[in-house]
Amino acid sequence: QVQLVESGGGLVQAGGSLRLSCAASGITFSLYTMGWYRQVAGKQRELVATLTPGGSSNYADSVKGRFTISRDNAKNTVYLQMNSLKSEDTAVYYCKAHFTSLDYWGQGTQVTVSS
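First, a word on scope: everything that follows refers to the structure included in this document. Keep in mind it's a predicted model, so treat the numbers as computed, not measured.

## Considering the nonpolar core
Soluble globular proteins tend to pack their nonpolar side chains together in the buried interior. With 29 residues, the main nonpolar core has Trp36, Leu80, Met82 and Tyr93 as its most contacted residues. Elements represented by at least two residues in this core include exactly β3 (18-25), β4 (33-39), β5 (46-51), β7 (67-72), β8 (77-82), β9 (91-99) and β11 (109-114). Discounting chain neighbours no more than four positions away, the residues touching Leu80 are Leu18, Arg19, Leu20, Trp36, Val48, Ala49, Phe67, Thr68, Ile69 and Tyr93.

This is the structure:
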């Protein structure tokens, strides 16, 4: 069974930091492009950051310079370090694993940034 288990969400003040984690099982983790997405109620889910097996990353313009995606293949875990958080970052954050035609999603973790 493929499973992506997210953790690290919570309530934080604007300007603060959080680190999200996503632990994967049931996949050959090192072959997958990993990504973080977020969704606000009533809005479309949007890409936040991705990281390929070769180490290439890309970010949404809104988070560049503030967020960092990383992975630890030995732990089958992808991280999202979020700094200088803004109210606009409030959303449910989802982890995704992608390989060829396969896409797997985590359950989501709530991040709430207060002003």
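## Quick notes on the sheet that holds β7
Sheets are built from strands paired through backbone hydrogen bonds, the pairs being either parallel or antiparallel. Read across the sheet, four strands follow the order β1-β3-β8-β7 without closing on themselves; strand pairing throughout is antiparallel. If you trace the sheet from one side to the other, it starts and ends with β1 (3-7) and β7, each paired once. Strand-to-strand twist of the sheet, defined as the mean angle between neighbouring strand axes without regard to direction, takes the value 15 degrees. Examined bridge by bridge, β1 and β3 share five bridges and lie antiparallel to one another. Directly across from Leu4, in β3, lies its bridge partner Ala24.

## A closer look at the pattern of salt bridges
Applying the stated criterion to the full structure yields five salt bridges. Note that Arg38 is salt-bridged to Asp89, the shortest N-O span being 3.0 Å. Separated by 51 residues along the polypeptide, Arg38 in strand β4 and Asp89 in the loop between β8 and β9 bring together distant segments of the chain. You can call Arg38 buried: its relative accessible area is 6%. Judged by its relative accessible area of 1%, Asp89 falls in the buried class. Taking the shortest distance from any N to any O, the salt bridge between Lys96 and Asp103 comes out at 3.6 Å. Residue Lys96 is classed as buried on the basis of its relative accessible area of 15%. When its relative accessible area of 38% is taken as the criterion, Asp103 is described as partly exposed.

## Quick look at the packing of aromatic side chains
This model, assessed by the stated rule, comprises three aromatic pairs. Geometrically, the ring pair formed by Tyr37 and Trp105 is edge-to-face, given 5.0 Å between the ring centres and 65 degrees between the ring planes. Of this pair, Tyr37 sits in strand β4 while Trp105 sits in strand β10 (residues 102-105), placing them 68 residues apart in sequence. On the accessibility criterion, Tyr37 (12% relative accessible area) is buried. According to the relative accessible area criterion, Trp105 is partly exposed, its value standing at 36%.

What counts and what doesn't
Residues numbered from 1 in each chain as written. Predicted model: local features only at pLDDT ≥ 70, side-chain atom pairs only at ≥ 80, totals over all residues. Heavy atoms only, no water. Core = buried A, V, L, I, M, F, W, Y, C linked by side-chain atoms within 4.5 Å. Buried < 20%, exposed > 50% of the residue type's maximum accessible area, 1.4 Å probe, protein only. Helix = DSSP H or I, 4+ residues; strand = E, 2+ residues; numbered from the N terminus. Contact = heavy atoms within 4.5 Å. Pairing = 2+ DSSP bridges. Axes fitted to C-alpha atoms, helices over the stretch in contact; angles between N-to-C directions. Salt bridge = Lys/Arg side-chain N within 4 Å of Asp/Glu carboxyl O. Phe/Tyr/Trp six-rings, centres within 6.5 Å; stacked < 30°, edge-to-face > 60°.

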